[in-house]
Amino acid sequence: MTLPQNTIGCDVSGQRLDVYLHPAARSCSFSNDPAGIAALIGLALEHRAFVVLEATAPWDQPLVRALEKAELSFHRANPRRARDFARSIGMLAKTDAVDARMLAFYGANLDLPATAPVSPERLKLQGLNSRRDQLVAMRKAERIRLKGVADPVVTESLEAVIALLDVQIRALERQIANAIKETCDLARDAALLRSAAGVGPVCTAIILASLPELGLVDRRAIAALAGVAPIARESGLMRGKRHVQGGRKRVRDALYMAALAAIRTGRWKQDYDHLRSRGKAPKAAIVAIARKLLVALNTAIREQRPILNAQTT
């Protein structure tokens, strides 16, 4: 891939878009509203620039949708990786203008992949899943409060809120199921995902919404994206334990719960027991099963075939 000659770094906040055009060394700022976004799009089109912005949802979403609509190439950068790059080139200060300049250098010096457009159907699914997660967290908090309450009036209030949240969560789950059924591609992939042991409707919806790369990249890349790839910690004679880190936490959490369900029976249980017999800690063994499960799902989506015997993967 040939790097574009011009790169725009954009620091996104709720109110403002700080922009730096490289190599012209031009700094400017736009409001984070339709008019400001249109001005930024015009600048990018004028200079045929590759746009690099940090992932700062929800503030970056209008800009991302506008970049997609204008068919401009852009990279939605992981904030941690962008900050690591800034430190590596000695940019220790952190302001919006400095961050925009750093992002432009980040895009100009590294062969960053263009972020793939997200379909409206997946965006809708992401929103529904996000709202469900919020309600589940609220319900959990209310249930915890309920355990420490003796006053019947407070108890009644908490139980009423929990009952309302139950209704809301069930309604959202129906909407999620309908959103998947109404889209042919999502419905097809959902059936393939559900063919795997341990993968239920919640895990399926999360993977469909938050891991669109499934089936499009290799096993190592998909494990890294999901945050279930072991990261080596070695130097000289030192051999440290490998840990998973980074990736998409919500996907990792869903895969972890799916792995817990999968290891109750069949070959996945045998694999888990084997890992434990080799000295793997319980949590590490479960993550290893989650990674194996994810690889099986990646293959199923890529080859468009159900996992008839997921436990043998």
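Values in this document were obtained by computation on a predicted structure and should not be read as measured data.

Below, the discussion takes up unusual backbone geometry. Cis geometry is adopted by the peptide bond preceding proline 23, which originates at histidine 22 and carries an omega value of 10°. As for its placement among the helices and strands, proline 23 is situated in the loop between strand E2 (16-22) and strand E3 (26-31). Unusually for a residue other than glycine, glutamine 304 sits at a positive phi of about 55°. Position of glutamine 304 among the secondary structure elements: in the segment after helix H12 (282-303). For glutamine 304, a relative accessible area of 36% gives the class partly exposed.

Moving on to the sheet that holds E3. On the basis of which strands lie adjacent, the open sheet formed by five strands has the order E3-E2-E1-E4-E5 and mixed pairing. Of all the strands in the sheet, just E3 and strand E5 (74-77) have a single pairing partner and so form its edges. Between one strand axis and the next, the sheet turns by 20° as a mean value, whatever way the strands run. Of the strands in this sheet, strand E1 (7-12), E2, strand E4 (50-54) and E5 touch helix H2 (residues 61-69), which is tilted by about 155° from E5.

Moving on, we get to the UniProt feature "coiled-coil region" (unreviewed entry) in the chain. UniProt records the feature "coiled-coil region" (unreviewed entry) at residues 155-182, using the numbering of this structure. Taken end to end, residues 155-182 comprises 96% helix and 0% strand; its first and last C-alpha atoms sit 41 Å apart.

Counting 52 residues, the largest nonpolar core has Leu214 and Leu297 as the members making the most contacts within it. Only helix H5 (120-147), helix H6 (152-181), helix H7 (184-194), helix H8 (201-210), helix H9 (219-226), helix H10 (249-262), helix H11 (266-277) and H12 provide two or more residues apiece to this core. With twelve residues, the single largest contributor to this core is H12. The residue makeup of this core includes at least three contributed by each of domain 2 (120-182) and domain 3 (209-303). Beyond its immediate stretch of four places on either side in the chain, leucine 297 contacts Leu193, Ala196, Val199, Ile207, Leu214, Leu255 and Ile307. Grouped together as the second largest cluster of nonpolar side chains are 21 residues, Leu17, Ile41, Leu67 and Leu72 included.

Rules used in this analysis
- Per chain, the residues get numbers from 1 upward, laid out in the order the sequence is written.
- Thresholds applied to this predicted model are a pLDDT of at least 70 for local features of residues and 80 or more for the giving and counting of side-chain atom pairs; totals over whole chains, interfaces and linings are not thresholded and use all residues.
- To obtain the side-chain values, all non-hydrogen atoms of the structure were included, while hydrogens and water were left out.
- Think of it this way: any DSSP run of H or I at least four residues long counts as a helix, any run of E at least two long counts as a strand, and we number them from the N terminus.
- Only protein chains enter the accessibility calculation, which uses a 1.4 Å probe; a residue is then buried when its area is under 20% of its type maximum, exposed when over 50%, and partly exposed in between.
- Strands are treated as partners if at least two bridges between them are detected by DSSP.
- Axis lines are fitted through C-alpha atoms, for helices just across the contact stretch, and the angle between N-to-C directions can take any value from 0 to 180 degrees.
- It only takes one pair of heavy atoms within 4.5 Å for two residues to be counted as in contact.
- UniProt positions are given in the numbering used here, feature names are shortened, and annotations may be inferred rather than shown by experiment.
- The criterion is simple. A nonpolar core is a set of buried Ala, Val, Leu, Ile, Met, Phe, Trp, Tyr and Cys residues joined through side-chain atoms within 4.5 Å.
- Domain start and stop positions are those given by an automatic or database domain assignment.

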